[in-house]
Amino acid sequence: MSAASNLRSEDQFLCPICLDVFTDPVTTSCGHNFCKNCISQHWDISVMYQCPMCKETFNTRPQLRVNTFISEMIAQFRREAQQKTSSSTSEQQAAKPREVPCDVCIGPRQKALTSCLVCQTSYCQTHLEPHLTVKGLKRHQLIDAVENLEGRMCMKHDKLLELFCKTDHTCVCMLCPVLDHKNHEFVPLKEEYEGKKAELKKTEAEIQHMIQKRRLKIQEIKDSVKMSKDAADREKAEGVQVFVVLKESVEQRMKELIKEIEDKQEATEKQAEGLIKDLEQEISELMKRSSEVEQLAHSEDHLHLLLSFSSLKAASPTKDWTEVRVRPPSYEGTVGRAVDQLEETIRKLMKKKLCEGVQLKKVQQYAVDVTLDPDTANSWLILSNDGKQVYCGDERKKFPDNPERFSDSPCVLGEQSFSSGRFYFEVQVKGKTDWTLGVARESINRKGKIPLRPQDGFWTVWLRNRNKYSACASPPVPLCLQPGPEKVGVFVDYEEGLVSFYDVGAAALIYSFTGCSFTHKLHPYFCPCHNDGGKNSAPLIICPVNQTESVND
């Protein structure tokens, strides 16, 4: 019997016994066709010679001859099927790695679409056709293409694995419960599959939860690294600032040291030059006298020698240079004094840094709970429900234009007012490119353009264009803050007339307004500035004060 072929009129050429395409087709006297081998085997085991189709009985066993017409038709259809298979094969793509290949293809093996559990074979689209059209093959169980079909059969009974033994936790065939797994608990594979699938979903949810926790941990670590980097940047900036001061101080002390040494050397050289000049003058005079003495010594005039001798003897005596010395200046202690001055500069810098940190902890004791006042908020602003956050939106809201509300500037006041004592609050400015913070007098002008100056009731600092910090004094005072603060602390001493701003992360003073004269209530002042197309969309956040160490005032 031949293998099944994908023929357009295949049903006309199927043997009724083997249900496959005729091999050596023969025709009985009753007109029915069979494979020669199929009908011969049928009559070999039958008592009567009977046609399997119409049940006509023959007295003697018929002589079978091959039906040449049907054989030629089958041969023709085989050739057509081969051509069709070749054409279809060329159009399909060969199986890629990790794809199940067709077990029937000759040459490049195509990708299998389906596996037959009965035939234990995987088929591509072309070779699957008989299972879709042939009556006997339609009863076969088809599944999506899989590898290792042998593994789906019971090794002991050569039957399909259809049950799951819950006692032994293994897949079994229908005979196993009767022969090898007596008194065990069984369920259909599908039922166990559904249960395990539910467990897998639960496991997947747990895994996803674990993944999420680890992602959060990664973010936490990244945030810690960023905080560490920011702290490192601040320390580097402060270190650079300190060492710039030290460098300038060292250079100044070095200049002073060199000048002191050079001044002493210059004085020594001047002294030596004076002495040399005096000595050269005396040498000149002595050489002149020596010449006169020599001339007189060679004179033959007795009277002239005697008269001149007295005048030469009367010449002024020369200076006694025996004890005259040019002594090198003493430099003892010069370098030591310069080093002492440098050490004093370092001590002052360290004391200033320490004092700022201690000072921040002191003022944090005066922390107050501040919330935003929605009645003062400009119509562009969006406030959180708890009154702790504010940012500038994309649209102007329709709010009542009450006297307390800022009409043009995107700012808002704190609900709380202070007319005595000390108070302190902290605001997160992280991620913003522009902002203004501080305190404002309750009686300030809130309509139109507002100048942020102390004489107009505002004591504030601001950031503009990401890196330009200023104290809004009159005139404004540029501030060097690199890197800039992520959280700003604002401290007010009403009676002292002091408003101070701190970089909380660096525990460093940013700027102080001193000598202020407060006569009205003060409110915290917040301005997140305009959204700038989303670049400045981060909110100003009023934060709880985290005082890590108590410091007695």
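To start, this report covers the structure provided alongside it.

Rules used throughout
Residues numbered from 1 in each chain as written. Predicted model: local features only at pLDDT ≥ 70, side-chain atom pairs only at ≥ 80, totals over all residues. Heavy atoms only, no water. Helix = DSSP H or I, 4+ residues; strand = E, 2+ residues; numbered from the N terminus. Contact = heavy atoms within 4.5 Å. Areas by Shrake-Rupley, 256 points an atom, 1.4 Å probe, with all protein chains shown as cover. Patch = residues over 30% accessible without salt bridge, like charges linked within 9 Å, V, L, I, M, F, W, Y side chains within 5 Å. Salt bridge = Lys/Arg side-chain N within 4 Å of Asp/Glu carboxyl O. Buried < 20%, exposed > 50% of the residue type's maximum accessible area, 1.4 Å probe, protein only. Disulfide = S-S within 2.5 Å. Phe/Tyr/Trp six-rings, centres within 6.5 Å; stacked < 30°, edge-to-face > 60°. Core = buried A, V, L, I, M, F, W, Y, C linked by side-chain atoms within 4.5 Å.

## Examining the overall build of the protein
Part 1 of the argument: Summing up its helical and strand segments, the protein has 8 helices and 23 strands in all.
Part 2 of the argument: Put simply, 57% of the contacts in the protein that link residues at least 6 apart link residues at least 24 apart.
Part 3 of the argument: Counting every atom, the protein has about 35,100 Å² of accessible surface; 53% of that belongs to carbon and sulfur.

## Some details on a nonpolar patch on the surface
Part 1 of the argument: Together, Leu175, Val178 and Leu179 give the surface a local cluster of nonpolar side chains, amounting to about 260 Å² of exposed area.
Part 2 of the argument: Within the fold, valine 178 resides in helix H5 (residues 176-179).
Part 3 of the argument: Overall, the relative accessible area of 53% leaves valine 178 in the exposed class.

## Section: the pattern of salt bridges
Part 1 of the argument: By the definition in use, this model includes 13 salt bridges.
Part 2 of the argument: Ionic pairing is found between glutamate 220 and lysine 217, a salt bridge with its closest N-O pair at 3.2 Å. With glutamate 220 and lysine 217 both in helix H6 (residues 189-297) and 3 residues apart, this pair spans about one turn of that helix.
Part 3 of the argument: The partly exposed category is assigned to glutamate 220, whose relative accessible area is 43%.
Part 4 of the argument: For the salt bridge of glutamate 266 with lysine 270, the shortest nitrogen-to-oxygen distance reads 3.6 Å. With glutamate 266 and lysine 270 both in helix H6 and 4 residues apart, this pair spans about one turn of that helix.
Part 5 of the argument: Its relative accessible area of 40% is what places glutamate 266 among the partly exposed residues.
Part 6 of the argument: The structure contains a network of salt bridges with shared partners spanning Lys166, Glu192 and Lys196.

## Some remarks on the state of the cysteines
Part 1 of the argument: A complete count under the given rule lists 0 disulfides for this structure.
Part 2 of the argument: The closest cysteine sulfur to the non-disulfide-bonded cysteine 529 is located on cysteine 527, 3.9 Å from its own sulfur.
Part 3 of the argument: Note on cysteine 529: relative accessible area 9%, which makes it buried.

## Some points on the packing of aromatic side chains
For any pair of aromatic rings, geometry is given as the distance between the ring centres together with the angle between the planes.
Part 1 of the argument: As enumerated under the stated definition, the model contains 12 aromatic pairs in all.
Part 2 of the argument: Between phenylalanine 418 and phenylalanine 423, the ring centres sit 3.9 Å apart and the planes meet at 15°, which makes this aromatic pair stacked. In terms of burial, phenylalanine 418 and phenylalanine 423 fall into one category: buried.
Part 3 of the argument: On the basis of an interplanar angle of 50° and a centroid distance of 5.8 Å, the ring pair of phenylalanine 425 and phenylalanine 526 is categorised as tilted. Taken together, the residues span a long stretch of sequence, with phenylalanine 425 in strand E14 (residues 422-428) and phenylalanine 526 in strand E22 (residues 522-527) at a distance of 101 residues.
Part 4 of the argument: For phenylalanine 425, a relative accessible area of 1% translates into the label buried.
Part 5 of the argument: The structure contains a cluster of three or more aromatic residues connected by ring pairs, namely Trp43, Tyr49 and Phe58.

## Considering helix H1 (residues 36-45)
Part 1 of the argument: If you check which residues of H1 are buried, you get Cys38, Ile39, Ser40 and Trp43.
Part 2 of the argument: As for H1, its buried residues are in contact with strand E1 (25-27), strand E2 (33-35), strand E3 (49-50) and strand E4 (57-58).

## Describing the nonpolar core
Part 1 of the argument: The biggest cluster of nonpolar side chains holds 37 residues, and the ones touching the most others in it are Trp435 and Phe526.
Part 2 of the argument: Contact partners of tryptophan 435, with chain neighbours within four places excluded, come to Val429, Val461, Trp462, Leu463, Arg464, Tyr469, Val488, Cys527, Cys529 and Leu540.
Part 3 of the argument: Of all hydrophobic cores here, the second largest spans 12 residues; its members include Cys411, Ala440, Leu452 and Cys472.

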